Amino acid sequence: MKVLIRNTALDGRPLEGDGEVFTGETVTDVVHAMKGATLFSDQRDLEDYIDMVLRNAKMLAGVELAVRGDTPEEKAASFLDALIKHGLAEAQDDKPARIPISALVWQGIDAVRLSGLTNMLNRPVVARLAGELGWPDAARWIEEHPKEYAEGVFRGFVVDPQGGKS
């Protein structure tokens, strides 16, 4: 996965075609690469780095980014998603790899999404709701595969004809 993080003007406006590309196999790897390129951030963990960027975006450019998630993986996915939605980043991959899952798992995730009862980045609530809505296979998969779930929320899921990870 490759993500272009755009440089910004002093008013916080993203500059087209100007920035740095960060790569990684996962969204967490990309955010770690961003963190590694930042001066004086080597003693902070990933969540501290994300918080620092959020504070700086608000203080220096007046840009408020909302990041959600319970795990570092979910927060990294939400962070990159917020940057992309605000035009501060751009996914460079032509076709980001989607997460393969079984049809039953997809149906459970989609049932929760369509219910509108929670933010899909709130993994524990999504798992609970999947079970409550009658999709125990999806609930179990979400609980057992937190990293894959977070990646799928960001990059998308694809139903694997062989059943996907279950």
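Just above, that's the structure.
So, here's what we can say about the structure.

Reading the values: rules and limits
- Residues numbered from 1 in each chain as written.
- Predicted model: local features only at pLDDT ≥ 70, side-chain atom pairs only at ≥ 80, totals over all residues.
- Heavy atoms only, no water.
- Helix = DSSP H or I, 4+ residues; strand = E, 2+ residues; numbered from the N terminus.
- Expected span 1.5 Å × (residues − 1).
- Buried < 20%, exposed > 50% of the residue type's maximum accessible area, 1.4 Å probe, protein only.
- Contact = heavy atoms within 4.5 Å.
- Phe/Tyr/Trp six-rings, centres within 6.5 Å; stacked < 30°, edge-to-face > 60°.
- Salt bridge = Lys/Arg side-chain N within 4 Å of Asp/Glu carboxyl O.
- Pairing = 2+ DSSP bridges.
- Axes fitted to C-alpha atoms, helices over the stretch in contact; angles between N-to-C directions.

What follows covers helix 3 (residues 72-85). Here helix 3 spans 20 Å end to end across 14 residues, near enough to the 20 Å set by a 1.5 Å rise per residue. Within the sequence span of helix 3, burial applies to E74, A76, A77, S78, F79, L80, A82 and L83. Residues of helix 3 that are buried make contact with strand 1 (2-8), helix 1 (27-36), helix 2 (46-61), strand 3 (89-91), helix 5 (123-132) and helix 7 (146-155). Looking one or two places after helix 3, you find G87, whose phi comes out positive at around 75°.

For the rest of this paragraph, the subject is the packing of aromatic side chains. A full pass over the atoms with the stated rule returns four aromatic pairs. On the numbers, 6.4 Å between centres and 80° between planes, the contact of Y49 with F79 is edge-to-face. Taken together, the residues Y49 in helix 2 and F79 in helix 3 connect sequence positions 30 residues apart. Each member of the pair, Y49 together with F79, is buried.

Moving on: the pattern of salt bridges. With the rule as written, the count across this model stands at nine salt bridges. Among the ionic pairs, K58 bridges to E64, the shortest N-O distance being 4.0 Å.

Another aspect to go through is the sheet that holds strand 3. Overall, antiparallel pairing links the three strands, which are arranged 2-1-3 in an open sheet. Strands at the two margins of the open sheet, each flanked by one partner only, are strand 2 (14-23) and strand 3. When the angles between neighbouring strand axes are averaged without regard to direction, this sheet yields 30°. Note that strand 1 and strand 2 share six bridges and pair antiparallel. Across the sheet, the residue bridging to R6 is G19, located in strand 2. Across the sheet, helix 3 lies against strand 1 and strand 3, angled at about 110° from strand 3, the strand it touches most.

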